[in-house]
Structure formats: structure tokens, C-alpha cells
Amino acid sequence: MYYNIALIGFGGVNRALAHIISTDPEKFYCEMGFNLRIVAVSDVFLGSVYTPEGIDLALLAALPLAQGACATLPNGKTTAENEDIIKNSNADIVVEATVTDSITGQPAISHCRWALSTGKHVSTTNKGPLAFAEQELMALSLKNNVGFEYEGVVMSGTPVLRFADKLLKGSGINKFTGIVNGTANYVLGLVEQGYSFVDAITAAQRQGYAEADPSADIEGKDVMLKVIVLANRLWNTNLTQKTVQCQGISDLTETMVRQAVTEGCHWKLLGKASKQDDGSIVASVSPEKLSVEHPLAAISGAVNAITFTSDMLGDVTVSGPGAGRIETAYAILSDIIAIHQRRES
Ligand code: HSE
């Protein structure tokens, strides 16, 4: 069987997804029990293309990073026509991976809204729709009986949302503490090794870890959005940016970061949320100096980790990649698998 996929945004993540799909289709089918066909692509810079029988993935992989390049493909156009082209397409699943405006969450929210409204499943790696419109989009998905999946939003391909939601269900999670920004963690590690903050941030951008605007990584905003997404999913609450205290790593100096190492400590940017006795949720983002005995002190580079504290298990820590193109593309694949499994059951 086939699922037809429409990609909105054709940057690093969706390109990596196209690469994964095309690399070894037979192995893919054997492991997953379904095939994927990319039928539409729309990108604000590259343009759009819709081919109901499936776009030639070799041509798509070779698409140059040039304005309007989609026009070089059969049926391609120089303009992005997200809504018209994809709403009326034969796509079953819309994968939303555009650049998020961190103030409004747009245009990703609109993309998810009209895709769900027209009965298409949605997988997004975008924090915006979750941070600003989760309840509305979830309600739309239920109303239209389609999936709204977003595993890649927290810890990219490391399946922490489903881990907490499915595997720790019933354990009484009352708190989580995490390193959920690969850029900040990578930068702090390089500064410990002698880099300046500026050079370390440039290195994180070169690795593809940083957001388009890296201040979201450095000032803690990216962590705050992930904390909101995870807390709302875990406790079915409605945390917003107004209710989370947020401080990034820009107040740390290179001297402070290196001095900590000589004291047997590491500065880490932590996102936290906990359930209070009255049922309310308190969340925060701030840098903390952790002694090397702390389970999160050894998390280095772009690796992320979250410790869940629950009534029955105490602390359970999940760690793994938290950023990267292939890693985030895998999260989309895991969303598609979840959509498939739900449909099958
Ligand atoms: N900029 C983010 C990070 C990417 O560094 O963690 C993944 O959300």
C-alpha cells in the first residue's frame, strides 16, 4: 500500500525525508508495511510541484537551491501555492516543515489548519503550531478523524513524546528536567574548550543545529516552546509563553563557563516543568551549574536528554540526538508509522 505525501517547506529536513524514502524503498516497505510516494512539494523559495502519480525522487534530490527551481521539474511552478495545490491534491499526509515565526507561529499554523480541515493527516516538526494552536489543531484532527503528529518538535528523532505519553503512562509523572536545545549545549561545550561564544554559535550554525535565528536557541525561547509542548502533552494543560519564566545562556561569560569546569561542574541550559500539589504546572528555562554527578551534566554536544520523575519509577532519563536533518526526518517517519498503526487498528 501507498501513502501519498505532500511536503510543505523543502529545506534540510524534508529533503532528508525525500532522501530516506528514495534510498532503499524495498527495505523500507519490508520494515514498515507501506510505501511512501511524494506527490507534492511547496516551498516559499523553491516554488511548487504536484504530480499525482509521484514526483521523480532522483529529480527532486537533485533540485538546486535556487529561487523558483521547482519550475524545472515536470508540472513545476516558480511560486509556492500551498493551499490550492495541496488541498486539492491526492495527498493523504501533509508534512509541515517550514520556518516558524516564533512570535506568531505562522505560516505553519495555517498550513496545519487547512490540511486537517480537508481531511489530511499532518506531521509537523514546527514548534509554532503546538505552542500557539495545539488545542485548536488537536480538536480539528479529532473532528476530521485524522492524525496530528509532532514527534520531531522535542528532541528531533529521539522519540521522547511517545515514550512519555505511551510507555510511561500511568507511572504518575510529576516532573521533567531536560537539556532540549542542541545548539546551546553544543555552544557551551565549545566554549568550555576555549571557543568564544560568537565562534561557537557560528560552528553550531554550520552543523545545521541552530534555528534560522539562533537567538531563539541562545535566549532559551526554543527550550521554552519545547517545555510547553511536552508539558501540555503530558498533563493535558494549557501552558503558554506568558506562564513560563525564561532565561537563556547569553548572560553567561566565557570565564564563568571555563571556571565551572575547574570546579568539576558544567553549565547547562535546563528546561523544567513540575506538577504542584494543587494540580497546577510550573515551568521554567534557565542555565544551571551542575556538578559532574548530576545525570544531565555529562550530556555533551548536540545530544539532548530529559529526566522524567514519576511516582512509581523515580527518575527515568532518555537521551539521544536533539537536532539534525536526518534525525528530524526520522521523527516524521515515526509520525507516519503512528498514523499507519492507528489506521490499521
Ligand atoms: N535549534 C534546535 C536545537 C533544533 O538546537 O535544538 C531542534 O529543535
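Just so it is clear, the model here is predicted, and its values are computed rather than measured.

### Overview of the packing of helix 8 (residues 182-192) against helix 12 (residues 254-262)
- One can describe the packing of helix 8 onto helix 12 by two numbers: an axis separation of 9 Å at closest approach and a directional angle of 75°. Viewed along their axes, helix 8 and helix 12 adopt a mutual orientation that is roughly perpendicular. Judged by residue contacts, L188, V191 and E192 of helix 8 engage E254, V257, R258 and V261 from helix 12.

### Remarks on the pairing of strand 10 (residues 265-275)
- A large share of strand 10 lies buried, amounting to nine of its 11 residues.
- Bridging between strand 8 (residues 173-179) and strand 10 involves four bridges; their strand directions are antiparallel. What sits directly across from K175, in strand 10, is S274.
- Direction of pairing for strand 10 relative to strand 11 (residues 281-291): antiparallel, over a ladder of 11 bridges. From the neighbouring strand, K275 faces strand 11, where its bridge partner is I281.
- Remark: five residues form the turn of the hairpin made by strand 10 and strand 11, two consecutive strands paired antiparallel; G279 in that turn has positive phi of roughly 90°.

### Considerations on empty space enclosed by the protein
- Applying the stated criterion across every chain, the model contains one cavity of 30 Å³ or more.
- Roughly 30 Å³ of internal volume is contained in the largest cavity.
- Every residue lining the largest cavity is listed: F176, G178, V180, K226, V227, L230, G271 and I306.
- Elements with a minimum of two residues in the lining of the largest cavity: strand 8 and helix 11 (221-235).
- With three residues, the top contributor of residues to the lining of the largest cavity is helix 11.
- Taken together, the residues of the lining of the largest cavity sort by class into five nonpolar, two polar and one charged.

Rules of the game
- Residues numbered from 1 in each chain as written.
- Predicted model: local features only at pLDDT ≥ 70, side-chain atom pairs only at ≥ 80, totals over all residues.
- Heavy atoms only, no water.
- Axes fitted to C-alpha atoms, helices over the stretch in contact; angles between N-to-C directions.
- Helix = DSSP H or I, 4+ residues; strand = E, 2+ residues; numbered from the N terminus.
- Parallel < 35°, antiparallel > 145°, perpendicular 65-115°, else oblique.
- Contact = heavy atoms within 4.5 Å.
- Buried < 20%, exposed > 50% of the residue type's maximum accessible area, 1.4 Å probe, protein only.
- Pairing = 2+ DSSP bridges.
- 1 Å grid on protein atoms, 1.4 Å probe; cavity = no way out; pocket = protein on both sides within 12 Å on 5 of 7 lines; lining within 4 Å.
- Points joined across faces, edges and corners; volume = space filled by probe spheres on them.
- Nonpolar A, V, L, I, M, F, W, Y, C, P; charged D, E, K, R; others polar.

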